[in-house]
Amino acid sequence: METGFLQEQRTLEGDLNSKTSHKNSVDYLMNWFRSRSIFVLAYGTGCGAIEMPPTFTSRYDAERLGIRGAATPRQADVIIVSGYCSYKTLRRIIRTYEQMSNPKYLLALGSCTINGGMYWDSYNTIKKLEDYLPVDMYVSGCMPRPESILEGFIALQKDISNGKASSWQKYEDNYEFYRKNQEAVLGKTVEPSYEADWYLYDGGL
């Protein structure tokens, strides 16, 4: 069985005589390049952020897999929602996600992003992240260790390579659904207010 470079070469040569050969080959290469150069937004949204430093530093060294940090949403490909998410944090996550360029991907850590986790009955945390933003990959654990996070990234890379990771397109196609759910918990003004000092309760929300 051919693997690695030979398999990729066969894939590129397989449709050379078809009418869409150029498009298919370019798309395949673009997805392959994207999967090997993932920039993760340096933004810790919950308790799982404590697992990020060991994941990206020398012991686990995510950069050897083509995964590294990015300072701003404009530069980032991936945003990680690392655990529980309060309504106040959800405003910032939505704002940040919408500032990211397409294609963009969302990685969700822990049970809190799936069903609320230990905060399932809390008055100010969301119970299911998928209702407010599309998720490309869930990583189980409370909180997941760096090994699990790397496995999640590898699975995401495979989906990107195969052209299956398209949550950003899902968000655009179903924007009214997501916006309705966002407004249900955040009110009509989903974006955070920047007209008052951050420490003021009414302006900070």
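This text follows the structure it describes.
Throughout this description, residue numbers start from 1 for each chain and increase along the sequence as written. Confidence filtering applies because this is a predicted model: local features only for residues at pLDDT of at least 70, side-chain atom pairs given and counted only at 80 or more, and all residues used for totals across whole chains, interfaces and linings. Where side-chain values are given, they derive from all heavy atoms of the structure, hydrogens and water being excluded.

Details of unusual backbone geometry
Stated precisely, the cut-off is as follows: Helix numbering and strand numbering both begin at the N terminus, where a helix is a DSSP run of H or I of at least 4 residues and a strand a DSSP run of E of at least 2. Exposed residues in this analysis have more than 50% of their type's maximum accessible area, buried residues have under 20%, and partly exposed residues fall in between, with area computed by a 1.4 Å probe over protein chains only.
The omega angle of the peptide bond from N102 to P103 is -5°, so this bond is cis rather than trans. M143 follows C142 through a cis peptide bond whose omega is -15°. Structurally, M143 can be placed in the loop between β5 (137-139) and α6 (146-161). Of note in the backbone geometry, D61 takes a positive phi value of approximately 50° without being a glycine. Classification of D61 by relative accessible area gives partly exposed; the value is 29%.

A short note on the pattern of salt bridges
For clarity, the cut-off: Any Lys or Arg side-chain nitrogen found within 4 Å of a carboxyl oxygen on Asp or Glu counts as a salt bridge.
All chains considered together, the criterion is met by 3 salt bridges. Residue E130 is joined to K170 by a salt bridge in which the shortest nitrogen-to-oxygen separation is 3.0 Å. Note that E130 is positioned in the loop between α5 (112-115) and β5 and K170 in helix α7 (residues 167-173), a separation of 40 residues in sequence. Relative accessible area serves as the criterion here: at 38%, K170 is assigned to the partly exposed category. The salt bridge involving R145 is made with E147; its shortest N-O contact spans 3.0 Å.

Looking at the nonpolar core
Definition in use: By convention a nonpolar core is built from buried Ala, Val, Leu, Ile, Met, Phe, Trp, Tyr and Cys residues, the set being connected through side-chain atoms within 4.5 Å. Residue contacts are counted whenever heavy atoms from the two residues lie within 4.5 Å of one another.
One finds I79, L90, I94, L106, L129 and L133 to be the most contacted residues of the largest nonpolar core, which totals 22 residues. Of all the secondary structure elements, the ones that give two or more residues to this core are β3 (78-82), α4 (87-99), β4 (105-109) and α8 (175-186). Counting residues per element, this core draws most heavily on α4, at 4 residues. In contact with L90, other than residues within four places in its own chain, are C85, I126, Y132, V185 and L186. Among the nonpolar cores identified, the runner-up in size contains 20 residues, and Y60, V78, L107 and I149 belong to it.

A look at the environment of T89
Among the secondary structure elements, T89 is positioned in helix α4. C-alpha separation for the pair T89 and T45, spaced 44 residues apart in sequence, amounts to 7.0 Å. Apart from residues lying up to four places away in sequence, T89 is in contact with Y43 and T45.

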